[in-house]
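Next come the chains, spelled out residue by residue.
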Amino acid sequence: MLDRDDGILLPCDLVSLSGTLRVCNMEMVLLNADGPRAIVDTIAQDDAFLCTAESAFSFRARLSLPANWCLLGYIHHTDDSSWCHGLSLATDTTFTLFPEGNSEFMFTAGSRLTLLMLPLQRLREKFSEMDPRPSAAPSRPHALFRLAESSAAQKLRTAYETTCRQIATPVADVPASRTRVDVEALLEAHIAASLAVTADS
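Residues numbered from 1 in each chain as written. Predicted model: local features only at pLDDT ≥ 70, side-chain atom pairs only at ≥ 80, totals over all residues. Heavy atoms only, no water.

J.: Any chance you could break down the overall build of the protein chain for me, citing the residues and the numbers?
T.: When its secondary structure is counted, the protein chain shows five helices and 13 strands. Counting the 201 residues in the protein chain, one finds 47% classified as buried. Sequence separation of 24 or more characterises 72% of the internal contacts of the protein chain that already satisfy a separation of 6 or more. (Helix = DSSP H or I, 4+ residues; strand = E, 2+ residues; numbered from the N terminus. Buried < 20%, exposed > 50% of the residue type's maximum accessible area, 1.4 Å probe, protein only. Contact = heavy atoms within 4.5 Å.)

J.: Explain the confidence of the model for the protein chain residue by residue, including any values.
T.: Overall, the prediction assigns the protein chain a mean pLDDT of 80, with 76% of residues at 70 or greater. Across the protein chain, the secondary-structure element scoring lowest on mean pLDDT is strand 2 (residues 8-11), at 43, and the one scoring highest is strand 7 (residues 69-77), at 95. In the predicted structure, residues 1-15 sits below a pLDDT of 50 and forms 40 contacts with residues beyond four places in sequence or in another chain. (pLDDT = per-residue confidence, 0-100.)

J.: Describe the sheet that holds strand 9 (residues 87-88), with residues and values.
T.: Strand order across the open sheet formed by five strands is 3-6-11-8-9, with antiparallel pairing between neighbours. Because the sheet does not close on itself, it has two edges, and the strands there are strand 3 (25-30) and strand 9. Taken together, the six bridges between strand 6 (residues 59-64) and strand 11 (residues 102-107) define a ladder with antiparallel strand orientation. Counterpart to R60 in the pairing with strand 11 is M106. (Pairing = 2+ DSSP bridges.)

J.: Got a sec to walk through the packing of aromatic side chains? Specific residues and values, please.
T.: As enumerated under the stated definition, the model contains five aromatic pairs in all. Ring centres of F59 and F107 lie 6.1 Å apart, and the angle between their planes is 40°; this geometry places the pair in the tilted category. You can see F59 sitting in strand 6 and its partner F107 sitting in strand 11, a full 48 residues away along the chain. Comparing F59 with F107, the two get one shared label, buried. (Phe/Tyr/Trp six-rings, centres within 6.5 Å; stacked < 30°, edge-to-face > 60°.)

J.: Mind laying out the pairing of strand 10 (residues 93-97), listing which residues take part and the relevant values?
T.: Burial analysis of strand 10 places five of its five residues in the buried class, which makes it a mostly covered element. Burial of strand 10 is two-sided: the residues T93, F95 and L97 facing one way and the residues T94 and T96 facing the other way are all buried. Two strands pair when backbone bridges link them, and strand 7 and strand 10 are joined in this way by five bridges, in the antiparallel orientation. Note that in strand 10 the partner of G73 across the bridge is F95. Both strand 10 and strand 13 (residues 144-146) contribute to a ladder of three bridges, which runs antiparallel. When the sheet's bridge partners are listed, T93 is paired in strand 13 with R146.

See the structure below:
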């Protein structure tokens, strides 16, 4: 955890922010004269790493994932001028990043996200379990989509909101059994919402 003070966004340095995702390589550039202020909370759990973050500054970044890892995420709030690879991002959008190449993105001040990083093999195994067709595999069509009002989308939205609260709750304030995030349920909800979007398209 860094830069939390009862919900107040505190000053922080770009080196610390860039290292938040640990094994990822991330470069950040400020887009305004204001210093970086943010709330970032993290949990490392088994083979997964979870993070929830809110920034009070606009920034552009380049992210590269280590081989055999993937990054799932949900945008709780952002301005419509935020983007990833030139594609507009919006509030209530979910995404999946794969380890091939770099991901370039820009987020405006006030953006809030929850992220889940885990082994790519775990994503593939769960995807195959939920969609056993031989040709099925997580790919670019599943990488970025805005949540609708379907039951799958609502379940995923609730899962990310719950995860965000769990990550942001100081460990001392809750029993140890409640600090563990149900990563398997979050992963399943993420894939189910992705499959529902694919089926409707």
